[in-house]
Structure formats: C-alpha cells, structure tokens
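Coordinate analysis (summary)
This is what each chain is made of:
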Amino acid sequence: MATNRTFTMIKPDATGAGHTGKIIDRIIANGFSIKAMKWTKLSLADAQAFYGVHAERPFFGELTEYMSSGPIVAAILEKENAVSDFRELIGATNPADAKPGTIRADFAESIAANAVHGSDSDENAAIEGSFHFSEREWA
Ligand code: CMP
C-alpha cells in the first residue's frame, strides 16, 4: 500500500559544498512536506548497515566510505506519490544522465557523490526512515 512518504539524505558532497539550503528549498517548492529532518553523520558501520542491500556490489566500499566521510541531512518527506515524484525530482543516479533541472543535474559531482538519496519503494522508504528516526521525532 502506498504511504505517500519517502526518505532522503542530502549527501556529504552537497552539505560540504553549501548546497543544503538550496536543495531543501527545491524539495519544498516541489510540494513535499517535511515530516522529520536532522543534520547528522553516519559512521562507517552505519553506512554499511544502511546500504546493506548493496553489500555484494563492487562499489560498496567506495559508497560506504564516502557516505561516512562528512555530514548528511536525513529527512522523511510526504507528498502524494512521494517515492516516484521524488525520484523524478532528483534525476538519474549518475548525474551525467540526469535531466536538466533535476537536483542531481544541478548539484551532484559523480555517481557516488550524487548529492541526494531517494528511496526506491514505499517499503524501503519505511525501512530507511526508521533507520534514522524514531516515531517521536516526527511532526
Ligand atoms: P543512492 O540513491 O544513495 O543508492 C545507492 C547508491 O550507490 C547510489 O545512490 C549511488 O550513489 C551509489 N552507486 C550506484 N552505482 C555506483 C557506482 N557504479 N559507483 C559508485 N557508486 C554507485
């Protein structure tokens, strides 16, 4: 069942480059409301647990080291069709393939340092949101 929620992280390349505010503005301007949000940092073990589904991929080491290399912003977002609309807003995983005007086209550096994460299903949105937030952190 669709929950109309998705989960995002603004990644270390984007927080480090000072893009956080611009990305949050873009998210809100596109009709998403923020249910929970925090500025935080993943340990390597946190990143390995969060991206556990990719453990067998050749880029797992690069991805988890990168995601634990600096601050991130984690957020739960709400909108009708949140998962698919957010993936449309952020653009393709590889910024070289992202459509003009998408967040990754405008702010991402590379396929690993790709500015933002967006959940790929309602089920994963719930799992990923719970990884970062307890229910008393929601508003
Ligand atoms: P994200 O949406 O956070 O989900 C998994 C991440 O793995 C993805 O964004 C990319 O940042 C990363 N990723 C996917 N493919 C590659 C790759 N070939 N090399 C490095 N990182 C990758």
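Residues numbered from 1 in each chain as written. Predicted model: local features only at pLDDT ≥ 70, side-chain atom pairs only at ≥ 80, totals over all residues. Heavy atoms only, no water.

**Details of the overall build of the protein chain**
Counting its secondary structure elements, the protein chain contains seven helices and four strands. Overall, the protein chain shows an N-to-C arrangement of helices and strands of β-α-α-β-α-α-β-α-α-β-α. Whereas a compact globule of 139 residues would reach a radius of gyration of roughly 14 Å, the protein chain reaches 14 Å, a difference of no more than 12%. With respect to the principal axes defined by its C-alpha atoms, the protein chain has extents near 35 × 35 × 25 Å. Out of the 139 residues in the protein chain, the part that is buried amounts to 43%. Across the protein chain, contacts joining residues at least 24 apart in sequence account for 76% of those joining residues at least 6 apart. Accessible surface, the protein chain: about 7200 Å² in total, of which carbon and sulfur atoms supply 51%. A gap of 4 Å separates the mean positions of the 13 positive and 19 negative side-chain charges of the protein chain. (Helix = DSSP H or I, 4+ residues; strand = E, 2+ residues; numbered from the N terminus. Rg over C-alpha atoms; globule rule 2.2 N^0.38 Å. Buried < 20%, exposed > 50% of the residue type's maximum accessible area, 1.4 Å probe, protein only. Contact = heavy atoms within 4.5 Å. Areas by Shrake-Rupley, 256 points an atom, 1.4 Å probe, with all protein chains shown as cover. Lys, Arg positive; Asp, Glu negative; His and termini not counted. Charge placed at Lys NZ, Arg CZ, Asp CG, Glu CD.)

**Some remarks on the environment of Lys11**
Examined against the element boundaries, Lys11 turns out to sit in the loop between β1 (5-10) and α1 (12-16). Residue Lys11 is classed as buried on the basis of its relative accessible area of 4%. Through-space distance from the C-alpha of Lys11 to that of Lys41 is 9.8 Å; in sequence the pair is 30 residues apart. Those residues within four positions of Lys11 in sequence are excluded, and the remaining contacts are Tyr51, Tyr66, Met67, Pro71, Ile72, Ala112, Asn114, Ala115, Val116 and His117.

**Some thoughts on the pattern of salt bridges**
Throughout the structure, instances matching the rule amount to six salt bridges. Among the salt bridges present, the one from Lys38 reaches Glu137, with a minimum N-O distance of 3.2 Å. Of the two residues, Lys38 sits in strand β2 (residues 33-41) while Glu137 sits in the segment after α7 (122-132), which places them 99 residues apart along the sequence. We classify Glu137 as partly exposed; its relative accessible area is 36%. (Salt bridge = Lys/Arg side-chain N within 4 Å of Asp/Glu carboxyl O.)

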